[in-house]
Each structure stands twice: as C-alpha cells, then as structure tokens.
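Structure assessment
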Amino acid sequence: MSDSNEELLKQRANVTLRLFKSAIKDAVLSTDLATLESFVEEIMSNSDVVYARITSNGVILAEGGSALVLQKPREVDSSLSQVIDGIYDIRAEIVVAGITYGVIEMGLSTASIESMLAKAKRWIATIASLEVSLVALFSFVLGTYLTRQLLALKNASNIIALSGPGHQIPISGNDELSEVAHAFNSMSKNLEKSYGELNNSQAEMEHKITERTRELNTILILSPDGFVLSNTDNNVVYINPAFLTMTGLKADTLIGKSTHIFNELMVSLFDSKKMNNIEFINKGDTQQLIYLSRPASRILHVNIKTLLGLKGKAEGYVFYFRDVTHEKEVDRMKSEFLSTAAHELRTPLASIYGFSELLKHRDYDKKVSHEIIETIHRQSGNLKKLLDELLDLSRIEARAGKDFNMANNSLEEIVKQSCTETEGAFTDHKVDIQTLKYWPTLTFDDDKMRQVFINLLSNACKYSPDHKYVILTTSERKKNGYRQFGVSITDKGIGMTPHQFSHLGVRFYRADNSGATPGSGLGVSLVKEIVSIHAGEVEFVTAQGKGMVVTVWLPIVKS
C-alpha cells in the first residue's frame, strides 16, 4: 500500500509539474512577471500544493506559499522516505535550445497520504493483534463462534485487498468482536473516502490535461505555419494541416513512418536549381531555408528543435515550417526598385553636375552659357518630375485613396481640358475628340483624373512622332452586371513588342531606352494605381508599328 501511494504521489507530482511548466514556459521566456504571478496564484489554490517558486539565473520571478517554508533551503525528494517535513519537494528546469531559462520549485503536502497510511497501518496492526489474541482466546472459550467471526474479518480483509476499501461486514451482538467489526468498517469507509479523493484529484488533473491538449491541437490546426512532430523512435507522430497544404503531401504517407522517409519525401520536392539533394534533418537543433518546386514554388524557413522531457532527455523533434516566399519576394522587389530608382535619378543628376562643373571652371560666351543653363534647367525639370511622380505614386499607394476628394460629376470638362493642355505641350499634334452625345455621371477626384488623361495623352503624342492626330473616343459597356464608361486614346505610333508589352506598368520601364523619348517610366504605374482606387480598370491594346489603344473604364453612378 505504501509503494502504491508513493507511486500515486509521484505521478500526481510529475503531472502537476509538467502542466505547470508547459503553462508558464512562454511567460518565462518573455519574462512576463504578471502572467507568472497569475499562474502561481492558480497553482497555490490547489490545497495539496504547499509552495511554488519560479526563478531565472538565481532571481525569483514569482513565488507563493508560506514565508517560513520558502525561507528554508529545499532539496528535491526522490522518494516518500526522504520526506522529513511533510513536504514532497520537486523541481524542473525550463530548457530551450540547450539553454536553461528558468527553474520551477514546488512542494506537495504528504500529510493526507501519510495520515492515511499511518491510520491504515495502525488499524491493520490492531486487527492483526486482535486477530491473534481473539484466535487464542476465543478458540479456547468459543472455538466455533470465534472461528466464524474471524473468518468474516479475514474474508473482508481479502475483499479489501482485491477490490479496494469500502467493504462493510455485518455486525451482530454487542461484544468485543462487534466493536472490532465496527472499527474495521470505519477504517474501510475512511480508506474508501481517501481513495475517492485521490481518484477525484487524478480525474481533475486528467481533465485539465485533456483540455490543454485540445487547446494546443486547435492552435496547431489553425496555425498558418507547418508543424511536424517525431518521437524517440524517430517516427512521425503528428502533422498539422498547414504543412500538408505547403507541401502537398498526404498524412497517411507520413504518420507512423520514419524521419528518414520524411526526409526523402521532402528532398523530392526541392528545387534542384537552388538546392542540392541534402538531408535537411540533422542531429541537433538547426535552422535553414529550403526551396520547393512542387506543388508550387515556395521558400520555407525550417526550424528543428529537440523536444525535451521533464528530466531533460530528448523525447523527439519538432519541425517548424514557415512560408517566407512573400517576404523574400518583397525583399527582392525592394532591392530591384531601389537599384532602378537610383539609376534613373543618377541620369539627370549626372547631367546637372557635369554642366555645372563646366560653368564653374571655364568661361563661355553668352550663347554657350545660355545653352548649358538651358540643359541644366531641363534636366532639373526632369529630375523634379521624376521625384514628383515617384512621391505621388508612393503617397497614393500608402494612403490607398484616403486623401482623394471624390465627387459625382461628368468627365467631359476634365477630358477636354486635358486635350487642350496636351495640344499646348505638343504643338505638332492634335487630339481628335469623337465622343458619345452624353457623358454619364461618375464618381472621381478631379485632379487625379486630370493627371490620368494628361499622362496618357502625353504618351500617345511622345510615341507617335510621325503622326499628327491622336484620337479620343468614348463608349459604354456592361461588365459583371455593372455599367462602365470608357475613354479610349488611340495613337498610330511605334506600338510595343510582346516583350515590351509584358513589362508595361513596371516602374521605370520605358519601351524606348535610347533617351530620345523623354519620360520617367512611372506614368503608366501612376495611371493604373489611380484608376484602380476609382474601382476602374485600364486596358491596353498594341502591336509593334501599329500604335496603341488605351481605354480607361470607370463605373457609372446608378440613377
């Protein structure tokens, strides 16, 4: 009985410590003292817990219990026989990646178990003594009667030994044997109550473990990151849905299989152009990037951690997969953008710097000086326009149209003003306006839409140097159940090749890189961004040597 109760105490202690450790691990790593205090208060509400203390590098993060108990030096008890103060001391370390971040010390009261064992021992000793005395006495006086009564006690003891406490023996008479029977029944009842309390406590802990497991499973199922767990036999025991989505693998091909098979399946997904066939599962904790070509091109950050038990021994591995494809693509695009922007800014700056150097160190006549100043002024204007468009585009993207002054109006006035301004800037070109008889009501920002049409009309003139006329037409259509009004600008210029067309709208991209056609390469990007915020779309139709047709479609306001 002593051994079984000691095992029960150890089991309860280990379960309590494991759950407490799991609950406070994140709080210890983040040094969240408020959360630690809350957990200590909760564990101290258990009547069996005498004290609890959480330390890190010798510093007490949180503790609870009697100050007298906490002040005494505590030693971990490995068995009930080592307990001398009625407190079973246990201890666990919080270890991550081989580094100890915290220590948990806890003491459980052994009073109830010791009391129960002492009482049981006393009653058993009493019964044994009485049994011997009664056998000797009553076998001499009332052999048959005594034998019958003692046999009843013996049978009851056997029943308790086999089925547990709680069995009651029938009592008749008012003699000493009856008193023994009363005492025996009382002992059996008390033992049954103690066993019931222990079973209830165990059931409560099992319920908490079940709830905690359910919570963790829910988190893993909903997590966008992939998780794979293996056990001490290097077999895969758990896979969450996110990992299956990332890799396209099936759960039944991995669960219960060795990590060697897991490694082979993962290597089969690698992008051979970016990775050699390597074993990404190495002994110990590691981190690395892996490149997948199937089921889709992905970049995954893999973090492998050893799963440690309460005694610090490895109990398996946790494989954590995070999809960083978007992050890497954003970094690449950012680098390309900065490189291109620097190149585009350098061109006018180099011209301004070079000509200003000439003016600084040499004397020129009035005509040459004027030409140089004209060049500096023109390049300064190009640089200003480039920076204005770049800042305008960045501001529109950042605010997503929140600073647009939207109003219901007709595009007629803005379109015609834009045509007039363009003809003033390009005196060799004319805009032939061929519109419908009516202009429907649209919702737009006047300044932004004027910027759209001036950009498109200017491009049409710049890229059709040998054709005098640019044609502007209007139309109406119904798409996805909604009416849209379109403004089309047609030129008969140089057009674009399929390769050039595939880059249309890319920042700083220009079909003519010779420098003969002025521009920043940001105009189309700006147009598409503005129209998109107006819930519209821009369509381009082009062929090399045959010009281009650009149509801006905007939703018509319902009557």
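Please refer to the structure higher up on the page.
This one's a predicted model, so the numbers in the text were calculated from it and none came from an experiment. (Residues numbered from 1 in each chain as written. Predicted model: local features only at pLDDT ≥ 70, side-chain atom pairs only at ≥ 80, totals over all residues. Heavy atoms only, no water.)

**Digging into the overall build of the protein chain**
When its secondary structure is counted, the protein chain shows 14 helices and 16 strands. Every one of the 559 residues in the protein chain was classed for burial, and the buried ones make up 38%. Of the contacts made within the protein chain by residues no fewer than 6 positions apart, 56% connect residues no fewer than 24 positions apart. Carbon and sulfur atoms make up 54% of the accessible area of the protein chain, which amounts to about 31,900 Å² in all. (Helix = DSSP H or I, 4+ residues; strand = E, 2+ residues; numbered from the N terminus. Buried < 20%, exposed > 50% of the residue type's maximum accessible area, 1.4 Å probe, protein only. Contact = heavy atoms within 4.5 Å. Areas by Shrake-Rupley, 256 points an atom, 1.4 Å probe, with all protein chains shown as cover.)

**Describing the packing of aromatic side chains**
Taken as a whole and assessed by the stated rule, the structure comprises 7 aromatic pairs. For the ring pair Phe262 and Phe319, a centre distance of 5.4 Å and an interplane angle of 80° mean the geometry is edge-to-face. Residue Phe262 is found in helix H8 (residues 259-267), and its partner Phe319 is found in strand S9 (residues 314-323); the two are separated by 57 residues along the sequence. Assessed through its relative accessible area of 0%, Phe262 is described here as buried. Each ring, one from Tyr317 and one from Phe319, has its centre 6.5 Å from the other, and the planes form 45°; the classification is tilted. Both residues of the pair, Tyr317 and Phe319, belong to the buried class. Members of the aromatic cluster, joined through ring pairs, are Phe243, Phe262, Tyr317, Phe319 and Phe321. In this arrangement the basic side chain of Arg477 is found over the ring face of Trp553, its NZ or CZ atom lying 4.0 Å from the centre. (Phe/Tyr/Trp six-rings, centres within 6.5 Å; stacked < 30°, edge-to-face > 60°. Lys NZ or Arg CZ within 6 Å of the ring centre and 35° of its normal.)

**Section: the environment of Ala242**
Within the secondary structure layout, Ala242 lies in helix H7 (residues 241-247). In contact with Ala242, not counting residues within four places along its chain, are Ser223, Pro224, Asp225 and Gly226.

**Examining the pattern of salt bridges**
The final tally for this structure, using the stated rule, is 15 salt bridges. For the salt bridge of Arg322 with Glu327, the shortest nitrogen-to-oxygen distance reads 2.7 Å. Asp447 is the partner of Arg450 in a salt bridge, and the nearest nitrogen-oxygen pair spans 3.5 Å. With Arg450 and Asp447 both in helix H12 (residues 446-462) and 3 residues apart, the pair spans about one turn of that helix. By sharing partners, the salt bridges in this structure join Arg477, Lys479, Glu537 and Glu539 into a single network. (Salt bridge = Lys/Arg side-chain N within 4 Å of Asp/Glu carboxyl O.)

Take it as geometry only, folks, not as evidence of what the structure does.
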